[in-house]
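One letter stands for each residue in the lines below.
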Amino acid sequence: MTDTVTPRPAPVPAPAQLPRDQGDRAQEDDRADPAAPVLHARSRALVLIAVLFVVLAVAAVVAAGVGQLRVPPSEVLESLLARLGIDIGDGPSHPRGDAALWNVRFPRVVMAMAVGAALGAAGAVLQAVFGNPLAEPSVIGVSGGAAVGACIVIVAGWGFAGEFTIALAAFVTGLIATLLVYWLSRSDGRTEIVTLVLMGIAVNAVTAAVVAYAVFLGDTQAREQIVFWQLGSFNGSRWEAVRIVVPLVVVALVGVTALARQFDLLALGERSARHLGVNVERLRLVAIVLVALLVAAGVAFAGIIAFVGLIVPHLIRMVIGPAHRYLLPASALGGALLLVVADMVARTAVDYADLPIGMLTALVGGPFFFWLLRRTRARAGGWG
Amino acid sequence: MLKQSRRALLAVAAVLGVLLVAVSCGSSEVKLEATRASAQSCDRPTTATSDGWVEPIATDVEPVLPTTTVDFSGEEVTVTDASRILALDTYGTLATTVHALGLGDRLVGRDISTGVPELADLPVVTHNGHNLNAEAILELDPSFVLTDYSIGPLEVQLQLKDAGIPVVILDSTRNRAVIGEQIRSVAEVLGVPDEGERLVAQVETDIAEAQAEVDALREAAVSGEGARRMAFLYMRGSAGVFYWFGEGSGADDLIEALGGVDVASETGLRGSKPLNAEGLIKADPDVFLMMTDGLASVGGPEGLLEVPGVAETVAGSQGCVIDMADAEILSFGPQFPSTLRALGQAIYGVGGALDEAGGGQ
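Residues numbered from 1 in each chain as written. Chains lettered and ligands numbered in written order. Predicted model: local features only at pLDDT ≥ 70, side-chain atom pairs only at ≥ 80, totals over all residues. Heavy atoms only, no water.

1. Section: the overall build of chain A
Each helix and strand counted, chain A has 14 helices and 2 strands in total. Relative to its 384 residues, chain A shows a buried fraction of 50%. For chain A, the share of sequence-separated contacts (at least 6 apart) that also reach a separation of at least 24 residues comes to 76%. A total of about 18,100 Å² of accessible surface is found on chain A, and carbon and sulfur atoms cover 67% of it. (Helix = DSSP H or I, 4+ residues; strand = E, 2+ residues; numbered from the N terminus. Buried < 20%, exposed > 50% of the residue type's maximum accessible area, 1.4 Å probe, protein only. Contact = heavy atoms within 4.5 Å. Areas by Shrake-Rupley, 256 points an atom, 1.4 Å probe, with all protein chains shown as cover.)

Right under this line is the structure:
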């Protein structure tokens, strides 16, 4: 009278269903019901992107209206419209208000948005490439490498490219460091993730030593410049710098968004992705170069701003899931929003003072990182 | 077998341990023998206070504008309006010079290092001393800005130019030889060359007087001993921000004017470098020169002795620390005569403007 107990068939893992043209569906999202209509997750993603866009626009205008020099938002809009040829009000009442807006504040807000977008997207891409939720731009050596270039120029007092010498040097050395890390961690045409991370750590250690030596060599001014550069700041952002950073960021963002689908496939695992036609090595290399471009463009002018690439993609993923087609643009928007707000706080929290923005993001990012570590550990039961 | 080797090992360890303890105990008994007769009158911490700030050379000074000058960065800058001036540098020298030229009432803001009492109430537009805040500067609506590369960042200076404010960059070198030139360059930009020449003549006369006084004091105090060995120490807090200033930093010039030997330059040090304890002991200065706030930030003369290397020098053991206001000691400029006189009196121990700072050794 005993029932025949037939073992239930092992549940087919959901990811295996994906190859059949369902990349739009949220994959490992805990809260999404796999049986829910495809439209649900997608519309949520689109709504989030729309919301982020609107909030970013509002935040940008508010940030442009807040600062040491009081210009109310209405006057900010008047000034903006006046530049476009529409004369509504009188514009800013302070004699230097217009100049302050157009030469100091607007370039700063735009720079914050560009750098935020770059760092947010870079974080998301790195997490895809490494398959590890803790991947961050500084891991692959970009920040460290960029710091070396900047410090050398600051201490040596070079000026071969005028005001852009520091940024150019940071850019070049950042890219070199990243490629070096990547090249050193390849063997037999493959890249081991763990080796990549360890190489990145080694490179960061060396660059930290070089920076320390530069601090020793430099005079008081150089020292302060290096320290401020290491903590990140948008103080002194000018249109000339914006003109360099924004196109680079836009190009790189378009590049990584084009790879979105391949990132989704890579999330299945290296072997599966390869079977599905993804050239994993080439994808990784291209992704890393694009990330280096994004991050170097970001740090070259603003210094090192940490944790944006860590916080933003995770928060976005918690809302709309890991589909990269929406994750990447949303991370970019989220990063831009985060830095615009952080910069606003940095320049208004203390009168006449400009807090280093890297400090603010680290203050928020650090605890978030801890929480993430614990959560990942608890979920995955280790680093696997 | 094992027991034997283990016992031998223990015995060796014990012997080594005893030796180590003996050596370390013994070495703390070794005192630095005073090989030089340090019968100097400077045997306690002293604060040098100048007898007042430089007075304006004239009142009702009218700038002759416009002026066009080629500034330190090589750019030609035209100043048409001198009604609202900002003079910003890390030493406060530029603001002091503007004040000494009689145009101090046109200043609308200041940097943190400006010590002129009349200017104390002006809003400060440099945060943490060395960084310009573009918005704060624009808020004050200056008609032009006088600055140099000792303060930055460069991008903010460029932003101000973009905003249409003439920014004149001057030379940031500070030493005795360039005082006249520095005053002249400020006067030229402001369109008051005559007052500038008068101020230069006045200041040069005052410097010569002060120098003669200091030399006389030195002769009386030192009398055949040889020059006092001096070191300028820069400190901020007790967390390791300890520097000493050498050749080309301005401190060497100051020490030379005081008739001393700059021990830092002697060791070949250029600019400012982190303080090396053994280097300091080897250099063995008789006198420490410091900024008042810097000395206070390490906990006064007692705290200074905790800094590695200090207590083993003659200056440290005798407590010969001369401190002076941050805004004055390395600023040179028109205030230099008073600074020099005050320091001379503090070091060589005679005269009116003598103040005791904090406790003794």
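2. Focus on the packing of helix H6 (residues 193–217) of chain A against helix H7 (residues 220–231) of chain A
All names here are of chain A. At a minimum axis distance of 8 Å, the contact between H6 and H7 shows a crossing angle of 150°. Viewed along their axes, H6 and H7 adopt a mutual orientation that is roughly antiparallel. Residue-level inspection shows Val211, Ala214 and Val215 of H6 in contact with H7, the latter providing Arg223, Ile226 and Gln230. The residue makeup of the contact of H6 with H7, split by class, is 4 nonpolar, 1 polar and 1 charged. (Axes fitted to C-alpha atoms, helices over the stretch in contact; angles between N-to-C directions. Parallel < 35°, antiparallel > 145°, perpendicular 65-115°, else oblique. Nonpolar A, V, L, I, M, F, W, Y, C, P; charged D, E, K, R; others polar.)

3. Observations regarding a nonpolar patch on the surface
On the surface, Ile152, Trp158, Phe160, Leu168, Val172 and Ile176 of chain A cluster together into a nonpolar patch covering about 600 Å² of accessible area. Broken down by element, the residue count for the nonpolar patch peaks at 3 residues, all from helix H5 (residues 165–184) of chain A. (Patch = residues over 30% accessible without salt bridge, like charges linked within 9 Å, V, L, I, M, F, W, Y side chains within 5 Å. Salt bridge = Lys/Arg side-chain N within 4 Å of Asp/Glu carboxyl O.)

4. Observations concerning the interface of chain A and chain B
In this complex, chain A contributes 29 residues to the contact, which on the side of chain B involves 31 residues. Taking both sides of the interface into account, the surface hidden between chain A and chain B amounts to around 2,700 Å²; carbon and sulfur atoms contribute 50%. Here chain A and chain B share 4 salt bridges between them. Arg238 of chain A is the partner of Asp162 of chain B in a salt bridge, and the nearest nitrogen-oxygen pair spans 3.1 Å. Along the contact surface separating chain A from chain B lie 12 residue pairs in polar contact (both at pLDDT 80 or more). When contributions to the side of chain A that touches chain B are tallied by element, the ones reaching two or more residues are helix H3 (97–130), H6 and H7 of chain A. Residues that form the side of chain A that touches chain B fall into these classes: 10 nonpolar, 10 polar and 9 charged. (Buried area = accessible area lost by both parts, 1.4 Å probe. Polar contact = N/O pair within 3.5 Å; in protein donor to acceptor, adjacent residues only side chain to side chain.)

5. Things to note about the pairing of strand S7 (residues 144–148) of chain B
Residue and element names in this part refer to chain B. Extensive coverage of S7 is indicated by the burial of 5 of its 5 residues. Burial of S7 is two-sided: the residues Phe144, Leu146 and Asp148 facing one way and the residues Val145 and Thr147 facing the other way are all buried. For strand S4 (residues 85–88) and S7, the ladder comprises 4 bridges, and the chain directions are parallel. Counted as the bridge partner of Ile85 is Phe144 from S7. Sheet topology note: the S7/strand S8 (residues 167–170) ladder contains 4 bridges and is parallel. Within S8, the residue paired with Val145 across the bridge is Val167. (Pairing = 2+ DSSP bridges.)

6. Structural notes on H3 of chain A
All names here are of chain A. Along its 34 residues, H3 runs 47 Å from first to last C-alpha, staying within 8% of the 50 Å computed at 1.5 Å per residue. Largest kink in H3: about 35°, centred on Arg105, with the proline Pro107 one to four residues after it. Burial analysis of H3 places 31 of its 34 residues in the buried class, the great majority of the element. With its phi angle positive at about 65°, Gly131 sits one or two positions after the end of H3. (Expected span 1.5 Å × (residues − 1). Bend = angle between axes of the 7 residues up to and from the residue.)

7. Brief notes about the side chain of Asn103 of chain A
Looking at the element boundaries, Asn103 of chain A is found in helix H3. Not counting residues within four places of it along the chain, the set of residues in contact with Asn103 of chain A comprises Ser237 of chain A together with Gln159, Asp162 and Ala163 of chain B.

8. Considering the confidence of the model for chain A
Averaged over every residue, the pLDDT of chain A is 81; the share at 70 or more is 87%. Contacts for the low-pLDDT stretch residues 12–30 of chain A, under 50 throughout, to residues beyond four places or in other chains number 25 contacts. (pLDDT = per-residue confidence, 0-100.)

9. Section: the environment of Ala208 of chain A
All names here are of chain A. Along the chain, Ala208 turns up in helix H6. When its relative accessible area of 45% is taken as the criterion, Ala208 is described as partly exposed. On a C-alpha basis, the gap between Ala208 and Gly145 in space is 9.1 Å, while along the polypeptide they are 63 residues apart.

10. Regarding the pairing of strand S10 (residues 241–245) of chain B
All names here are of chain B. Among the 5 residues of S10, 4 are classified as buried, and the element is accordingly described as predominantly covered. Pairing between strand S9 (residues 229–236) and S10: 5 bridges, direction antiparallel. Directly across from Tyr234, in S10, lies its bridge partner Tyr243. Direction of pairing for S10 relative to strand S12 (residues 272–274): antiparallel, over a ladder of 3 bridges. Paired with Phe245 across the strands is Ser272, a residue of S12.

11. Side note on the sheet that holds S7 of chain B
All names here are of chain B. On the basis of which strands lie adjacent, the open sheet formed by 3 strands has the order S4-S7-S8 and parallel pairing. With one partner strand each, in any of the chains shown, S4 and S8 form the two edges of the open sheet. Averaged over all pairs of adjacent strands, the angle between their axes in this sheet comes to 15°, without regard to strand direction. Packed on one face of the sheet, helix H4 (residues 154–162) meets S7 and S8 and runs near 145° to S8.

12. A short note on the packing of helix H6 (residues 193–222) of chain B against helix H14 (residues 336–348) of chain B
All names here are of chain B. Following both chains from N to C, one finds H6 and H14 inclined at 5°, their axes separated by 8 Å at the closest point. Classed by the angle they form, the pair H6 and H14 counts as roughly parallel. On H14, the residues that touch Val203, Asp206, Ile207, Glu209, Ala210, Gln211, Glu213, Val214, Leu217, Arg218, Ala221 and Val222 of H6 are Phe336, Pro337, Leu340, Arg341, Gly344, Gln345 and Tyr348. Tallied by class, the residues present in the contact of H6 with H14 amount to 11 nonpolar, 3 polar and 5 charged.

13. A few points about the pattern of salt bridges
Taken as a whole and assessed by the stated rule, the structure comprises 22 salt bridges over all chains. Here Glu270 of chain A ties to Arg274 of chain A by a salt bridge, and the two come within 3.1 Å at their closest N and O atoms. A residue pair is termed a helical-turn pair when its members lie 3 or 4 positions apart in one helix, as Glu270 of chain A and Arg274 of chain A do in helix H10 (residues 270–275) at 4 residues. Exposure remark for Glu270 of chain A: the relative accessible area of 28% places this residue in the partly exposed category. Its salt-bridge partner being Asp326 of chain B, residue Arg236 of chain B comes within 3.1 Å of it at the nearest N-O pair. Taken together, the residues Arg236 of chain B in strand S9 and Asp326 of chain B in helix H13 (residues 326–329) connect sequence positions 90 residues apart.

14. Some points on the confidence of the model for chain B
Residue and element names in this part refer to chain B. Per-residue confidence for chain B averages 85 on the pLDDT scale, and 90% of its residues sit at or above 70. Across residues 29–35 the pLDDT falls below 50, and counting only partners more than four positions away or on other chains, this stretch makes 1 contact in the model. Counted against residues more than four places away or in other chains, residues 351–361, with its pLDDT under 50, gives 27 contacts. Scored as a complex, the prediction yields pTM 0.77 and ipTM 0.71.

15. Things to note about the environment of Trp102 of chain A
All names here are of chain A. Position of Trp102 relative to the elements: it lies in helix H3. Residues Trp102 and Ser79, spaced 23 residues apart in sequence, show a C-alpha to C-alpha distance of 8.8 Å. Beyond its immediate sequence surroundings of up to four residues, Trp102 is in contact with Ser79, Leu80, Arg83, Pro107 and Trp239.

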